[in-house]
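Here is what each chain is made of, one letter per residue.
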Amino acid sequence: MSVVKINAITVPDGKGADLEARFAARARAVDGVEGFEGFELLRPVDGETRYFVYTRWRSEEDFQRWVSSREFRRGHKASNAGSDSRPVGVTSELLSFDVVELAT
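Note that this is a predicted model, so its numbers are computed, not measured.

Details of the environment of threonine 10
Okay, so step 1: One can find threonine 10 in strand S1 (residues 3–10).
Okay, so step 2: What makes threonine 10 partly exposed here is its relative accessible area of 21%.
Okay, so step 3: When neighbours within four sequence positions are excluded, threonine 10 is seen to be in contact with Thr49, Arg50, Gly89, Val90 and Thr91.

Quick word on the pattern of salt bridges
Okay, so step 1: The tally for this structure, following the rule as stated, stands at nine salt bridges.
Okay, so step 2: Residues arginine 58 and glutamate 34 are paired through a salt bridge, measuring 3.1 Å at the closest nitrogen-oxygen approach. Remark: glutamate 34 occurs in the loop between helix H1 (16–25) and strand S2 (36–42) and arginine 58 occurs in the loop between strand S3 (50–57) and helix H2 (60–67); sequence separation between them is 24 residues.
Okay, so step 3: Among the ionic contacts, a cluster of salt bridges with common partners joins Glu34, Arg58, Asp62 and Arg65.

Digging into the environment of phenylalanine 52
Okay, so step 1: Relative to the assigned elements, phenylalanine 52 resides in strand S3.
Okay, so step 2: Taking the relative accessible area as the measure of exposure, phenylalanine 52 reaches 24% and is therefore partly exposed.

Quick word on the packing of aromatic side chains
Okay, so step 1: This model, assessed by the stated rule, comprises five aromatic pairs.
Okay, so step 2: Ring centres of tryptophan 57 and phenylalanine 63 lie 5.8 Å apart, and the angle between their planes is 65 degrees; this geometry places the pair in the edge-to-face category. For the pair formed by tryptophan 57 and phenylalanine 63, the shared burial category is buried.
Okay, so step 3: Through a chain of ring-to-ring contacts, three or more aromatic side chains come together here, namely Phe36, Trp57, Phe63, Trp66 and Phe72.

Some thoughts on the confidence of the model for the protein
Okay, so step 1: The pLDDT averaged across the protein works out to 88; a share of 91% of its residues lies at or above 70.
Okay, so step 2: Mean pLDDT values over the elements of the protein span from 82, in helix H3 (residues 70–75), up to 97, in S1.

Focus: unusual backbone geometry
If a residue is not glycine, its phi is most likely negative; likewise, a peptide bond is most likely trans.
Okay, so step 1: Although it is not a glycine, arginine 28 adopts a positive phi angle of roughly 70 degrees.
Okay, so step 2: Within the secondary structure layout, arginine 28 lies in the loop between H1 and S2.
Okay, so step 3: Unlike most non-glycine residues, aspartate 46 shows phi in positive territory, near 55 degrees.
Okay, so step 4: Mapped onto the elements, aspartate 46 comes out in the loop between S2 and S3.

Thresholds applied
- Each chain has its residues counted from 1, running along the sequence as written.
- In view of the model being predicted, local features appear only for residues whose pLDDT reaches at least 70, and side-chain atom pairs are presented and counted only at 80 or more, with totals across whole chains, interfaces and linings using the full set of residues.
- Side-chain figures throughout are based on the complete set of non-hydrogen atoms in the structure, without hydrogens or water.
- A run of H or I in DSSP becomes a helix once it reaches four residues, and a run of E becomes a strand once it reaches two; helices and strands are each numbered from the N terminus.
- Exposure classes here rest on a 1.4 Å probe applied to the protein chains alone. A residue is buried below 20% of its type maximum, exposed above 50%, and partly exposed in between.
- We call two residues in contact whenever any of their non-hydrogen atoms come within 4.5 Å of each other.
- Salt bridge criterion: a side-chain nitrogen from Lys or Arg within 4 Å of a carboxyl oxygen from Asp or Glu.
- Note on aromatic pairs: the rings of Phe, Tyr and Trp (six-membered ring only in Trp) are paired at centre separations within 6.5 Å, and the planes decide the class, stacked below 30 degrees, edge-to-face beyond 60, tilted for the rest.
- Confidence scores here are pLDDT values: one per residue, from the predictor, ranging 0 to 100.

Below you can see the structure in the form of structure tokens.
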């Protein structure tokens, strides 16, 4: 089964739109990468301050290959973040899961 990686990004008040714009500017950048199965950017509600960047991969090896790739490094360089290259997030934590059950 697949693996899920969730990057939990804490974003200060008023900066959520900036984070969303940065992701929109790179929409579909990971499409076509071997083993990539899906992406979602989840906006916090009900007092939560973290955005969740949800990705699903065929295997841990596919995810690690992506993270080690030139495309990943290029896409995550601060200089590609737009005119304001400062980080939007205050903290970031990578959560990892194995998919046990999947309903479509």
